[in-house]
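Spelled out, the chains give:
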Amino acid sequence: MSNVLNRPEMVSPATRAKVEAAMESLGFVRNESARQLRAGSSRILAYLMLDAGNPFFTDVAKGVEEAAREAGLSVFLCNSNEDAAREADYLDLLEQQRVQGVLITPIDPHTPRISTLPMRGTPVVVVDRSLDEGMHCSVAVDDVLGGEVALGHLIELGHERIAFVGGPNTIGQVTDRLEGARNALQDAGLPAENLVELTTAALTVAEGRGAGQRLAGLPADRRPTAAFCANDLLALGLLQQCVSLGLRVPEDLAIVGYDDIEFAAAAAVPLTSVRQPRHLLGKTAAELLLDESSNPDHEHQRVTFTPELVVRTSTRGKTAGQGLS
């Protein structure tokens, strides 16, 4: 039975079929805890995501699961909820559970805890953040370029005073997208103060509504005519609040989001958004983690995907068709 379970390639098909039939008739269930104790690691990958309430991360998790299932492994999902203490607790727990490896979208990719795990035998791949140093593999989208693309689109449409909605600035994706927005403004020859920063406490629909309230309260001569939001949840909240206050989208306020989650296209005013390949991010990261955990010649890689702008009604109006630009 041991060879059938652990080394099936060493058993003839006929013998394997007989043993599996006997196991089925007896109701045999493999003791995975015992196997894990002998092997020193489990057949589980873990993904510690930043915010389980954001569909972007659940889409990434689907890609992780696909790669794990192809390798015969399971996935354990954890949610830091943008809380550094909670993130640290999960990392401790995952190491204690001897998971085969950890995928993480970290609050801070430079936190020492992420670096010590591989030194103690648990490989780590960073997802949705790029790392220059060679201690980890990382898989991400070029968020600075994404910010440049979003602002460039609004500037091309004639907008000169634009709001950036996002925060907190401790999240690297937010600061990278803001940097890209500033770059685009500078490249267009517009003054830095034309980018009105509306900082949020989180990347949620509720925070987007709050930003909409603040924006709508500005005097008409100082109110931005467009907004770039650090993710789609903020953009959807902003859109909801502005419409409820009588502002027309895009006539009074054009809006661009980021991630292109499924809800972006289904919004009351379909949302222009910067698309990230969410499923591919997760699948690629998991494949790198599997290679690191099993290949003694593994070399760390930094994989960076290019974002794409999906133009919808929230910037071009009802006469515009959907598509990539």
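Definitions and limits used
Residues numbered from 1 in each chain as written. Predicted model: local features only at pLDDT ≥ 70, side-chain atom pairs only at ≥ 80, totals over all residues. Heavy atoms only, no water. Helix = DSSP H or I, 4+ residues; strand = E, 2+ residues; numbered from the N terminus. Expected span 1.5 Å × (residues − 1). Buried < 20%, exposed > 50% of the residue type's maximum accessible area, 1.4 Å probe, protein only. 1 Å grid on protein atoms, 1.4 Å probe; cavity = no way out; pocket = protein on both sides within 12 Å on 5 of 7 lines; lining within 4 Å. Points joined across faces, edges and corners; volume = space filled by probe spheres on them. Pairing = 2+ DSSP bridges. Axes fitted to C-alpha atoms, helices over the stretch in contact; angles between N-to-C directions. Contact = heavy atoms within 4.5 Å. Phe/Tyr/Trp six-rings, centres within 6.5 Å; stacked < 30°, edge-to-face > 60°. Lys NZ or Arg CZ within 6 Å of the ring centre and 35° of its normal. Salt bridge = Lys/Arg side-chain N within 4 Å of Asp/Glu carboxyl O. Parallel < 35°, antiparallel > 145°, perpendicular 65-115°, else oblique.

Going by the annotation in an unreviewed UniProt entry, the name recorded for the protein chain is LacI family DNA-binding transcriptional regulator, with Kribbella lupini given as the source organism.

Caption draft 1: Focus on helix 12 (residues 278-294). For helix 12, spanning 17 residues, the distance from its first C-alpha to its last is 25 Å, which sits close to the expected 24 Å at 1.5 Å a residue. Within the sequence span of helix 12, burial applies to R278, L281, G282, K283, T284, A285, A286, L288, L289, L290 and E292.

Caption draft 2: Examining the layout of surface pockets more closely. Size it by volume and the largest pocket reaches roughly 220 Å³. Taken together, 15 residues line the largest pocket, and the ones lying closest to its centre are R129, S130, L131, D176 and R302. Within the residue set of the lining of the largest pocket, elements represented by two or more residues are strand 5 (137-141), helix 7 (143-156) and strand 11 (302-305).

Caption draft 3: A look at the sheet that holds strand 11. In spatial order, the strands read 2-1-3-4-5-11; together these six strands make up an open sheet with parallel pairing. Looking at the sheet topology across the chains shown, the edges are occupied by strand 2 (74-79) and strand 11. Here the strands of the sheet are splayed against their neighbours by 15 degrees on average, with no regard to which way each runs. Across the face of the sheet, helix 4 (residues 55-70) comes into contact with strand 1 (44-49), strand 2, strand 3 (101-104) and strand 4 (124-127) while running at roughly 170 degrees to strand 1. Most of the contacts of helix 12 go to strand 5, to which it runs at about 170 degrees, and overall it touches strand 1, strand 3, strand 4, strand 5 and strand 11.

Caption draft 4: Spotlight on the packing of aromatic side chains. Per the counting criterion, the structure on display carries three aromatic pairs. Measuring from centroid to centroid gives 4.9 Å for F56 and F57, while their planes differ by 80 degrees, and the two rings are edge-to-face. Across this residue pair, the class does not change: F56 and F57 are buried. With a centroid separation of 5.6 Å and an interplanar angle of 65 degrees, the aromatic rings of F164 and F228 are classed as edge-to-face. Of this pair, F164 sits in strand 6 (residues 162-166) while F228 sits in strand 8 (residues 226-229), and the two are 64 residues apart along the sequence. The same class applies to F164 as to F228, namely buried. For R177, the ring lying beneath its charged end belongs to Y258, and the centroid distance is 3.8 Å.

Caption draft 5: Structural view of the pattern of salt bridges. Applying the stated criterion to the full structure yields 13 salt bridges. The residue D176 makes a salt bridge to R129 at a minimum N-O spacing of 2.9 Å. Of this pair, D176 sits in helix 8 (residues 172-187) while R129 sits in the loop between strand 4 and strand 5, and the two are 47 residues apart along the sequence. One salt-bridge network, held together by shared partners, links D92, E95, R113 and R120.

Caption draft 6: Here's a closer look at the packing of helix 5 (residues 84-96) against helix 6 (residues 112-119). Their axes nearest at 11 Å, the elements helix 5 and helix 6 cross at an angle of 10 degrees. With respect to helix 6, the element helix 5 is oriented roughly parallel. Two secondary-structure elements touch here, helix 5 through L91, D92 and E95 and helix 6 through R113, I114 and L117.

Caption draft 7: Just the pairing of strand 10 (residues 272-275), in detail. Across four bridges, strand 9 (residues 254-259) lies against strand 10 in parallel orientation. Directly across from Y258, in strand 10, lies its bridge partner V274. Looking at chain direction, strand 10 and strand 12 (residues 308-311) are connected through three bridges and run antiparallel. Bridge pairing in strand 12 places V274 opposite L309.

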